[in-house]
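Listed below are the residues making up each chain.
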Amino acid sequence: MTTAPQTLDRDGIAARIPHSGSMCLLERLERWDAESIHCSTRTHLQPDNPLRTAGGLLAPNAIEYAAQAMALHGGLLAAEGSAPSAGFLASARNVRFSVARLDEVAGPLQVQARRLSGDTNQILYEFAVHDSAGHVLAEGRAVVVLNTPLATGATAP
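Note that this is a predicted model, so its numbers are computed, not measured.

**Quick word on the nonpolar core**
Considering soluble globular proteins, one finds that nonpolar side chains tend to be buried as a cluster. Grouped together as the largest cluster of nonpolar side chains are 34 residues, with contacts concentrated most on Ile13, Leu29, Ile37, Tyr65, Met70, Leu72 and Val111. Listing elements by their share of this core, those giving two or more residues are strand E2 (28–32), strand E3 (36–41), helix H2 (62–77), strand E5 (109–118), strand E6 (122–130) and strand E7 (136–146). Excluding residues that lie within four positions of it along the chain, Val111 makes contacts with Leu26, Ile37, His38, Cys39, Tyr65, Ala66, Ala69, Ala128 and Val129.

**Regarding H2**
Taking 1.5 Å per residue, 16 residues should reach 22 Å; H2 reaches 23 Å between its end C-alpha atoms and fits that length. Most of H2 sits inside the fold, with 12 of its 16 residues counted as buried. For H2, every residue scored as buried is listed here: Ala62, Ile63, Tyr65, Ala66, Ala67, Gln68, Ala69, Met70, Leu72, His73, Gly75 and Leu76.

**Observations concerning the pairing of E5**
In this sheet, E5 lies alongside E3 in antiparallel orientation, the contact comprising six bridges. Paired with Ser36 across the strands is Arg114, a residue of E5. A loop of three residues connects E5 with E6, the two strands running antiparallel in sequence.

Parameters and conventions
Residues numbered from 1 in each chain as written. Predicted model: local features only at pLDDT ≥ 70, side-chain atom pairs only at ≥ 80, totals over all residues. Heavy atoms only, no water. Core = buried A, V, L, I, M, F, W, Y, C linked by side-chain atoms within 4.5 Å. Buried < 20%, exposed > 50% of the residue type's maximum accessible area, 1.4 Å probe, protein only. Helix = DSSP H or I, 4+ residues; strand = E, 2+ residues; numbered from the N terminus. Contact = heavy atoms within 4.5 Å. Expected span 1.5 Å × (residues − 1). Pairing = 2+ DSSP bridges.

Here it is in structure tokens:
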């Protein structure tokens, strides 16, 4: 029996989440367990980051970085050989930012998420994005809804 890897590079991450190409924002899985995940990335510094606007890479995009870590966590928790549950970010609450832009942060971003509760229909995570010195750049909570028509792309009859 094989188990999910403890660390992954960008290609390994992209193979386990629905984001591909430049939209796969995470570059390294640092560690994970049944409750939490820690990833890192420098994609916030790339001029061709798909989330960048004329005003730069604004801090609210940290939520997308965290959402990708949550998606990866779900994929790693899926039973061997099964597809992870389809999900979407339903809400983000109590989100606080300590910077205006992510592209002005030197060094890699540290993206962490911790599962607080959940079932087969939804999961509550808390998340934080730190700079390389450990300063919190963004933090909050997010609800991921699983296996709904919206998450799976199905349409109502």
